[in-house]
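Tertiary structure, described
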Amino acid sequence: MTTYDGKRIVITGGSSGIGLATARLFADGGAHVLITGRTRSTLDAAVEQLGGKAVGIRSDAASLKDITALVLQRSFL
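Notes on the structure in this doc start here. (Residues numbered from 1 in each chain as written. Predicted model: local features only at pLDDT ≥ 70, side-chain atom pairs only at ≥ 80, totals over all residues. Heavy atoms only, no water.)

Side note on the sheet that holds strand β1 (residues 8-11)
For clarity, the cut-off: The criterion for strand pairing is that DSSP finds at least two bridges linking the strands in question. Here a helix means four or more residues in a row that DSSP labels H or I, a strand means two or more in a row labelled E, and each is numbered from the N terminus. For every element, the axis is a line fit to its C-alpha atoms; helices are fit only across the contacting stretch, and the angle between N-to-C directions ranges from 0 to 180 degrees. Two residues qualify as a contact provided that any one of their heavy atoms is within 4.5 Å of a heavy atom in the partner residue.
The 3 strands lie next to each other as β1-β2-β3, forming an open sheet whose pairing is parallel. Of all the strands in the sheet, just β1 and β3 (54-58) have a single pairing partner and so form its edges. On average, each strand axis in the sheet is inclined to that of its neighbour by 20°, with strand direction left out of account. Bridge count between β1 and strand β2 (residues 32-37): 4 bridges; the pairing is parallel. Paired with I9 across the strands is V33, a residue of β2. Against the sheet, helix α1 (residues 17-28) touches β1 and β2, its axis set at about 175° to β1. Along the sheet, helix α2 (residues 40-50) makes contact with β2 and β3, crossing β3 at roughly 175°.

Written out as structure tokens, the structure is:
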């Protein structure tokens, strides 16, 4: 058993930099991770790096419409 087994984590801005490093830490610890990013290609590359424990959703934290759509994601629960 690892530290984050059974946990589900959402990281906005998780497609690069500190967000991606944090997502990697949680995924390596056993958590299922949902990351967001504004650019599809960067997001897809990040999900590939994280492997089977990650899901990527294109979302801009500055857009109320995108935030609402993210909240309504039931497939991750």
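That covers the picture; the talk isn't over yet.
Details of the pairing of β1
Test applied: Under the scheme applied here, a residue whose accessible area is under 20% of the maximum for its type counts as buried, over 50% as exposed, and between as partly exposed, the area being computed with a 1.4 Å probe on protein chains only. The handedness rule is simple: strands pointing away from the viewer, and a clockwise path from the first strand over the helix to the second, make the crossover right-handed.
Across the two faces of β1 the burial differs, with I9 and I11 buried and R8 and V10 not buried at all. This β-α-β element, β1 to α1 to β2, shows right-handed connectivity.

Re the packing of α1 against α2
In plain terms, the rule: An angle below 35 degrees is treated as roughly parallel, one above 145 as roughly antiparallel, one from 65 to 115 as roughly perpendicular, and anything else as oblique. Crossing handedness follows the turn of the near helix against the far one: under a right angle anticlockwise gives a left-handed crossing, and clockwise gives a right-handed one. Only Asp, Glu, Lys and Arg are considered charged, only Ala, Val, Leu, Ile, Met, Phe, Trp, Tyr, Cys and Pro nonpolar, and every remaining residue, Gly among them, polar.
Two numbers describe how α1 lies on α2: the axes approach to 10 Å, and their chain directions differ by 25°. Comparing their axes, α2 and α1 come out roughly parallel. Of the two elements, α1 crosses α2, and the hand of that crossing is right-handed. Counting all contacts with α1, which are made through L20, A23 and R24, the residues of α2 involved are A46, Q49 and L50. Looking at the contact of α1 with α2, its residues break down into 4 nonpolar, 1 polar and 1 charged.

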